[in-house]
Amino acid sequence: MSIANASDTPSTQDPEQAGLKRVLSFSDVLAYGLLYFVPIAPVSVFGLIYNTSAGMVALVYLVAAVAMIFSAISYSQMARKIPLAGSVYSYVTHGTNSSLGFVAGWAILLDYLLLPALLAVLGAAALSAQFPQVPTTVWLVTFVAVPTAVNLMGIEMNARLSKVLLLIQLVVLFLFAAFATSRIIELKPTLEHFIAPFYNRSDFSMAMVFAAVPIAALSYIGFDAVSTLNEEAKGGGETVSRATMMLLMLVTVLFVGQVYLAAVFVPLGTVYQGAAADTAFYTLSAEIVGAWFLPVITLTSGIIALMANTLVSQATTARVLFSMSRDKRLPAYLSRISARTNVPANAIVTVALVSFVVAFAGAGYLDVMVTLVTFGALTAYILLHVSVMIYFRKIGQAQLFSHGVSPVLGVLLLSYALWSTNVHAKVLGAAWMLGGLLIAWVMRRRGAPSLTWTD
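Residues numbered from 1 in each chain as written. Predicted model: local features only at pLDDT ≥ 70, side-chain atom pairs only at ≥ 80, totals over all residues. Heavy atoms only, no water.

### Quick word on the overall build of the protein chain
The cut-off we apply is this: Helix numbers and strand numbers start at the N terminus; a helix is a DSSP run of H or I with at least 4 residues, a strand a run of E with at least 2. All radius of gyration figures rest on C-alpha atoms, and the globule criterion is 2.2 Å times the number of residues raised to 0.38. Think of it in three bands: with a 1.4 Å probe and only protein chains considered, a residue is buried below 20% of the maximum accessible area for its type, exposed above 50%, and partly exposed in between. The contact criterion used throughout is that any non-hydrogen atoms of two residues lie within 4.5 Å. Each accessible area value is a Shrake-Rupley result obtained with a 1.4 Å probe; residue values ignore everything except the protein chains displayed when judging cover. Just so you know, the count uses Lys and Arg for positive and Asp and Glu for negative, and it drops His and the chain ends. Here the site of a charge means atom NZ of a Lys, CZ of an Arg, CG of an Asp or CD of a Glu.
What the protein chain contains, in helices and strands, is 18 helices and 2 strands. Its C-alpha atoms give the protein chain a radius of gyration of 22 Å, near enough to 23 Å, the size a compact globule of 455 residues would have. Each of the three principal axes of the protein chain carries a C-alpha extent, and together these read 70 × 55 × 40 Å. Out of the 455 residues belonging to the protein chain, those deemed buried represent 57%. Across the protein chain, every contact between residues at least 6 apart in sequence was considered, and the portion connecting residues at least 24 apart equals 83%. Carbon and sulfur atoms provide 70% of the accessible area of the protein chain, an area that totals close to 18300 Å². Here the protein chain holds 23 positive side-chain charges and 18 negative ones, and the gap between their average locations is 8 Å.

### Quick notes on unusual backbone geometry
The residue Ala54 is not glycine, and still its phi comes out positive at about 55°. Mapped onto the fold, Ala54 is located in the loop between helix H3 (46-52) and helix H4 (57-81). At Asn342, a residue that is not glycine, the phi angle is positive and equals roughly 60°. Mapped onto the elements of the fold, Asn342 is located in the loop between helix H14 (293-326) and helix H15 (345-362).

### A few points about the packing of H4 against helix H10 (residues 206-217)
Keep this limit in mind: Axis definition: a line fit to C-alpha positions, over the contact stretch in the case of helices; interaxial angles, taken between N-to-C directions, run 0 to 180 degrees. With respect to orientation, any angle under 35 degrees is reported as roughly parallel, any angle over 145 as roughly antiparallel, any angle of 65 to 115 as roughly perpendicular, and every other angle as oblique. Rotating anticlockwise by less than a right angle from the far helix to the near helix defines a left-handed crossing, while the corresponding clockwise rotation defines a right-handed one. Residue polarity is assigned by list, with Asp, Glu, Lys and Arg as charged and Ala, Val, Leu, Ile, Met, Phe, Trp, Tyr, Cys and Pro as nonpolar; anything else, Gly included, falls into the polar class.
Running from amino to carboxyl end, H4 crosses H10 at an angle of 65°, the nearest separation of the two axes being 8 Å. When the axes of H4 and H10 are compared, the pair comes out roughly perpendicular. Between H4 and H10 lies a crossing of right-handed hand. Across the interface between the two elements, Leu59, Val60, Tyr61, Val63 and Ala64 of H4 pack against Val209, Phe210, Ala212, Val213, Ala216 and Ala217 of H10. When grouped by side-chain class, the residues that make up the contact of H4 with H10 number 11 nonpolar, no polar and no charged.

### Some points on the environment of Trp441
Summarising the element assignment, Trp441 is placed in helix H18 (residues 423-445). Trp441 sits in the exposed class, given a relative accessible area of 53%. Between the alpha carbons of Trp441 and Val251 there is a distance of 39 Å; along the sequence they are 190 residues apart.

### Focus on a nonpolar patch on the surface
In plain terms, the rule: Think of a patch as exposed residues, more than 30% relative accessible area, with no salt bridge, where like charges cluster within 9 Å and nonpolar side chains (Val, Leu, Ile, Met, Phe, Trp, Tyr) cluster within 5 Å. Salt bridge, as used here, is a side-chain nitrogen of Lys or Arg placed within 4 Å of a carboxyl oxygen of Asp or Glu.
Where nonpolar side chains cluster on the molecular surface, the patch consists of Leu62, Leu191, Phe194, Ile195, Phe198, Tyr199, Phe204, Met206 and Phe210 and spans about 800 Å² of accessible area. Counting only elements with at least two residues in the nonpolar patch, the list comes to helix H9 (191-195) and H10. Element by element, the count of residues in the nonpolar patch is highest for H9, at 3 residues. Within the fold, Ile195 resides in helix H9. A relative accessible area of 35% places Ile195 in the partly exposed class.

### Some remarks on the nonpolar core
Our working definition: Residues grouped as a nonpolar core are buried Ala, Val, Leu, Ile, Met, Phe, Trp, Tyr and Cys residues, joined through side-chain atoms within 4.5 Å.
Counting residues in hydrophobic clusters, the biggest one holds 148 residues, and the most contacted among them are Phe46, Phe176 and Tyr220. If we skip the residues at most four places from it in the chain, Phe176 touches Gln258, Leu261, Ala262, Phe281, Ser285, Ile288, Val289 and Phe293.

### Description of empty space enclosed by the protein
Basically, it comes down to this: Cavities and pockets are found on a 1 Å grid laid over the protein atoms alone: a cavity is a set of points where a 1.4 Å probe fits but cannot escape, a pocket is an open set with protein on both sides within 12 Å along at least five of seven lines, and a lining residue has an atom within 4 Å of such a point. Grid points are joined across faces, edges and corners, and a volume is the space filled by probe spheres set on the points.
Scanning the entire structure with this criterion turns up 2 cavities of 30 Å³ or more. In this structure, the second largest cavity occupies an estimated 40 Å³ of space. Lining the second largest cavity are Tyr50, Gly55, His193, Ala196, Pro197, Ala263, Val266 and Leu268. When its residues are assigned to classes, the lining of the second largest cavity shows 6 nonpolar, 2 polar and no charged.

### Structural notes on H10
Note: α-helices contain 3.6 residues per turn, so residues at a spacing of three or four share the same orientation. Quick reminder of the rule: By this rule, a helix spans an expected 1.5 Å times one less than how many residues it contains. As used here, the arc belongs to the directions running from the helix axis to the C-beta atoms.
For H10, with 12 residues, the first-to-last C-alpha span of 16 Å sits near the 16 Å given by 1.5 Å per residue. Three or more residues of H10 are buried, namely Val209, Ala212, Val213, Ala216 and Ala217. Summarising the axial view, the buried residues of H10 lie within an arc of 145°, below the 170-degree limit, and thus occupy one face. Where H10 is buried, its residues contact H3 and H4.

### Observations concerning the layout of surface pockets
In this model, the second largest pocket occupies a volume close to 240 Å³. Lining the second largest pocket are 13 residues, and of these Leu110, Leu114, Val358, Met369 and Leu372 sit closest to its centre. Residue assignment for the lining of the second largest pocket shows that the elements contributing at least two residues are helix H6 (98-130), H15, helix H16 (366-394) and H18. The greatest single-element share of the lining of the second largest pocket, amounting to 4 residues, is contributed by H6. Its residues assigned to classes, the lining of the second largest pocket comprises 12 nonpolar, 1 polar and no charged.

See below:
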């Protein structure tokens, strides 16, 4: 397989010539993906989703998983055919055309460039609460500098540390699950209470459930991160494809399981008020496991999970910048590979600098940053589904469900979610996209090569 420009002349974009090495095992890719999803992600939004869904939090996460399966299928299909590091940018570029690919890459960059900064702000806030005598700026620098240092050491170092951080989160979840299960057996709740997290007969409403789905769906956005490892995974696209589908199953079990076990202990009809909604899961876990568990899960969620997510999101962003630069869509500076560690070092440093500036300037606008991250991801996912329909029909391998029904349903669901974002996200997101369209037009005018993917 090769990448070629419009004249079918071999390009320097061949992965083997670019400097990235296939060193990651299937378990490495899986661990990387799990950290990007964040195994304990539901902890921080449990109270909000509980209130919105009248307690049917497990059902909400199950419905959100069904909604995201179409995106997982599209990523899985494209990973097999176009094994490049640029994720949705590469898939849309080589599945449709260079201009639309740039727009997809530009959209996902809104997600990628803001996410490391957002995580740094959240991590700094968590540490400032624990150590108020230390200036917040110190924690911002820490949450940017530590992941940068690890990523500059190479993707293998990232993979090793990722597994340690992942293990910590899974151990904490296992402890919670073990104590909660033991308590449920001991208390023997009524059938109504036992099934309430999935179906609360007295308050059931599909409108209420779907109102909470967009919040839960944020926890499932992460397939694109795995696909950026396409050139560094042993087995390439096949490994990434299998990991994508496996990840959806794993995180669904983790998410549904933890919110179910917490919700069973909430009295029916409870509505969390004010700040109690933000700390609902933490309070419940302390009641279920013991007071000693509160600082454990708080620090795991506020520091370990955020640092791990920052580590992989920074690496993911750098690889998209690298791929777009390699295709001459961004400055060539970003495509340079470290001869010692085989990572896009310039792109990693650039992401770190942008993260710090955005984190420092946007610390007071968390709600806007969150909605913009969502806007960029949803827009890119919609374009991915479109590219699946076009690409497989173009190569004569279209299948009714995988390349027709599934992407169409994906577009409809994601378009509805995108339309449901708040007005600030729509205005700022639209402005970002218009800027991308202008850059794409300038690049075409300057004669940037049109790229195609051939088997």
